[in-house]
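In case you want the letters, here they are:
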Amino acid sequence: MPGTSHEVLIVALREQPGLLGALVSALTGVKLPRSLKPSDATLRFVKPAELRLDLVYRGGRRRWVLVELQRGVDPAKRRRWPLAASLLHDQTGVAGDMLVITARRAVARWAERVACVRTRLGTVLQLKPVVLHLGAAESKALLDERHPELALFAAWAMQHRHGPRARAVVERAFELTERLPPALRRAQQRAILSVLSERMLALLREASMNPDKIPETPAARKLRLFLEAQGRKKGRAEGEAKGRAEGRAEGEAKGRAEGRQQALMTLLRARGLSPSRDDEARIRACTDPAKLDRWIARAATATSVREALGTRPPGARARPRAPGRPRPASASRS
């Protein structure tokens, strides 16, 4: 199933239609029509069947582009990619493009030749997509000051890398993101952090906490400040959630105790046993559910409030027990 980094890039491409054209232009020099817009990515057949792709763009003059974000090898794409392209070709009457975006060189090589089937008689069914491999060289091309929105792709390409060069790409991507308008900037900052691996995030946090050991560039400083702000925000949210949970638990416990207290006094009065003010104060002060349950059980048969609560008359003393004599079985705890 697609992971978080996969979904983040799909959302970015869907919500910012110009991103795909900028990416293709930066890596191939070809300009896509501006009329291309994301559409329903579920392709339907005459018979009950559906083919779900990552993204489908449609534009003027029945132009279409299929986009797949490929993180690993998937043998099923041998059938699905030609089927999707054939279906759209049939529906529109024109040939479109298929783009495969990947950060792995091995996946890029696989994608170029996977959709090629040859029979024993020599029939060939082939679809050769345009593969955009976001490697080290391509990532540098995406770190373009004129197009800071492409920095997200450069960071996405580092999801499997953790070395100093990868960290430098992420820091630069974060620095370029600062050039975007505020709303888009915050969205891209969160997206960059979402596509990174846990290992890379740990390395970035370690670098931010040890600026003396690891030299801090201006870009790294901005990233550190953002990580610290995110950490404080997360800490506040967790603290508030914990406080609400503890408050609910405390309130529920108090409510259960008050319910038992009221049940005890109601039972005593129903049996004609009137608690004094001291007795009521003692009952109200008790929040131990087990003790309140014992008092309620005694009140069902007790002949006095003191007996129900396990108290002795004022000034009464317990008789001393003879040495070695066991405590009577009828004695009960208060």
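Fair warning: this is a prediction, and the values are worked out from it, not measured in the lab. (Residues numbered from 1 in each chain as written. Predicted model: local features only at pLDDT ≥ 70, side-chain atom pairs only at ≥ 80, totals over all residues. Heavy atoms only, no water.)

1. Re the environment of Leu203
Okay, so step 1: Within the fold, Leu203 resides in helix H9 (residues 198-209).
Okay, so step 2: Placed 41 residues apart in sequence, Leu203 and His162 show a C-alpha to C-alpha distance of 8.0 Å. (Helix = DSSP H or I, 4+ residues; strand = E, 2+ residues; numbered from the N terminus.)

2. Description of the pattern of salt bridges
For side chains of opposite charge, pairing can occur when their charged atoms come near one another.
Okay, so step 1: Within the structure shown, the criterion is met by 11 salt bridges.
Okay, so step 2: Between Arg179 and Glu145 there is a salt bridge; the shortest N-O distance is 3.7 Å. Of this pair, Arg179 sits in the loop between helix H7 (164-177) and helix H8 (182-195) while Glu145 is found in the loop between helix H5 (136-142) and helix H6 (151-156), placing the two residues 34 residues apart along the sequence.
Okay, so step 3: Taking the shortest distance from any N to any O, the salt bridge between Arg260 and Asp293 comes out at 2.8 Å. (Salt bridge = Lys/Arg side-chain N within 4 Å of Asp/Glu carboxyl O.)

3. Some thoughts on the packing of helix H1 (residues 4-15) against H8
Okay, so step 1: Orientation of H1 relative to H8, taken along the N-to-C sense of each, is 150 degrees, at an axis distance of 8 Å. Relative to H8, the element H1 lies roughly antiparallel. Regarding H1 and H8, the two cross each other, and that crossing is left-handed. Of the residues in H8, those in contact with Thr4, Ser5 and Val8 of H1 are Ala191, Ser194 and Val195.
Okay, so step 2: Across the contact of H1 with H8, the residue classes tally to three nonpolar, three polar and no charged. (Axes fitted to C-alpha atoms, helices over the stretch in contact; angles between N-to-C directions. Parallel < 35°, antiparallel > 145°, perpendicular 65-115°, else oblique. Left-handed = near helix turned anticlockwise from the far one by under 90°. Contact = heavy atoms within 4.5 Å. Nonpolar A, V, L, I, M, F, W, Y, C, P; charged D, E, K, R; others polar.)

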